[in-house]
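Fold and contact review
Listed here are the chains, written in short residue letters.
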Amino acid sequence: MSLLTATSVRVRSAGAGALTAAGYLLLVLAAAVAPGLFTDRDPLAARPADRLLPPGSGHPFGTDELGRDLFARVVHGTALSLEAAAIACAIALVLGTALGLLSGALGGRVDELLMRATDVLLAIPSLLLSLALVTALGFGTVKAAVAVGVTSVAGFARIMRAQVLRVRAAPYVEAARAAGSRWPAVLLGHVLPNAWGPVRGFAALQFATSLLSVSSLGFLGYGAAPPAPEWGSLVAAGQNWFASAWWLSTLPGLTVAATVLAVNRLAAALPDAERP
């Protein structure tokens with residue numbers, strides 16, 4: 001009886017956690033689309049008389065060293081950070097899915113060559129590879145997103161290849177081939193739709209990883225140029241004032257952490273068939 005009670009409590013708590021994460025992410029998306037719903041302050045307007053004010057009723061997140069409202073900067077920086085994470089995840093999803101589909105479908109030397117290329121990508125630390133790519137591409141939020149997306153291709157390729165190898169042996173695929181369907185039509189019409197579930201689940205996890213990676217590049221100075229209020233650059237800007245103004249780095253950092261955890265929580269709530 002106690003085991004059943006404990007199981008039901010875990011189920012209820014898991015549901016509540018997923019709902020809380022979904023509600024928080026809805027607020028984050030609303031801030032990205034319509035920041036005016038949350039604040040009417042200009043994130044770039046400096047007020048020297050209000051510099052380094054702690055969080056309070058007038059400024060929920062306090063102010064920075066130039067007197068700019070930190071809450072307004074975090075809210076207006078939501079669009080930049082989410083856009084970069086979405087670009088990175090989309091690049092990794094499209095390229096990785098295409099490579100995995102080709103590798104699993106063609107097999108042989110093509111499969112061997114593509115998988116060895118993914119092994120090379122997996123062997124290099126993702127942040128180090130992102131730094132090398134963004135240095136070659138140049139600074140900026142979009143270029144940082146491209147660098148993060150390229151470093152994330154290998155994971156999608158591996159998962160898609162494994163799913164293609166599983167699905168291609170299914171009876172309905174063999175029946176389609178026996179009926180005279182061309183192999184590209186079979187891949188797009190039968191293999192890809194039935195191999196898509198775990199890739200979609202991995203994309204949810206990868207979005208959180210991309211957001212963290214883009215914020216890391218922004219923290220290191222490779223993201224949006226000042227005074228753009230990108231989340232990673234906000235954390236970096238406040239580190240010099242941490243002893244006297246802890247909120248400058250802490251609150252933007254907590255925003256990044258909460259968003260990443262919320263995305264991961266929703267990804268964990270996906271059905272088992274969609275988990276990588």
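1. A word on the overall build of the protein chain
For the protein chain, the helix and strand inventory stands at 10 helices and zero strands. What you see in the protein chain, going N to C, is helices and strands ordered as α-α-α-α-α-α-α-α-α-α. For the protein chain, with 276 residues in total, the buried portion stands at 42%. Within the protein chain, counting contacts between residues at least 6 apart in sequence, those at least 24 apart form 69% of the total. Working note: accessible area of the protein chain is about 13800 Å², and carbon and sulfur atoms make up 70% of it. Taking the 19 positively charged and 14 negatively charged side chains of the protein chain as two groups, their mean positions are separated by 9 Å.

2. Focus on the nonpolar core
Core analysis: the biggest nonpolar cluster contains 44 residues, and Phe-156, Val-191 and Trp-231 have the highest contact counts within it. Sorting the residues of this core by element identifies helix H1 (2-33), helix H2 (70-106), helix H6 (153-167), helix H7 (171-178), helix H8 (183-219), helix H9 (231-237) and helix H10 (247-268) as the ones contributing at least two each. No other element matches the 11 residues that H2 contributes to this core. Leave out the neighbours within four places in its chain, and Trp-231 touches Val-28, Val-74, Gly-77, Thr-78, Ser-81, Leu-211, Ser-215, Pro-252, Thr-255, Val-256 and Thr-259. Formed by nine residues, the second largest nonpolar core is a distinct cluster that contains Val-134, Ala-144, Val-148 and Leu-217.

3. A closer look at the pattern of salt bridges
For the structure shown, the criterion picks out seven salt bridges. A salt bridge links Arg-41 to Asp-69; the nearest nitrogen and oxygen atoms lie 3.8 Å apart. Of the two residues, Arg-41 sits in the loop between H1 and H2 while Asp-69 sits in the loop between H1 and H2, which places them 28 residues apart along the sequence. Across the pair Arg-73 and Asp-64 runs a salt bridge whose closest N-O atoms are separated by 4.0 Å. This pair shows no difference in class: Arg-73 is buried, exactly as Asp-64 is. Here the salt bridges do not stand alone but share partners, grouping Glu-112, Arg-116, Asp-119 and Arg-158 into one network.

4. Brief notes about unusual backbone geometry
With omega at 5°, the peptide bond leading from Pro-226 into Pro-227 counts as cis. Tracing the backbone shows Pro-227 in the loop between H8 and H9. Although it is not a glycine, Leu-52 sits at a positive phi angle of roughly 55°. Turning to its location among the elements, Leu-52 is positioned in the loop between H1 and H2.

The rules behind each value
Residues numbered from 1 in each chain as written. Predicted model: local features only at pLDDT ≥ 70, side-chain atom pairs only at ≥ 80, totals over all residues. Heavy atoms only, no water. Helix = DSSP H or I, 4+ residues; strand = E, 2+ residues; numbered from the N terminus. Buried < 20%, exposed > 50% of the residue type's maximum accessible area, 1.4 Å probe, protein only. Contact = heavy atoms within 4.5 Å. Areas by Shrake-Rupley, 256 points an atom, 1.4 Å probe, with all protein chains shown as cover. Lys, Arg positive; Asp, Glu negative; His and termini not counted. Charge placed at Lys NZ, Arg CZ, Asp CG, Glu CD. Core = buried A, V, L, I, M, F, W, Y, C linked by side-chain atoms within 4.5 Å. Salt bridge = Lys/Arg side-chain N within 4 Å of Asp/Glu carboxyl O.

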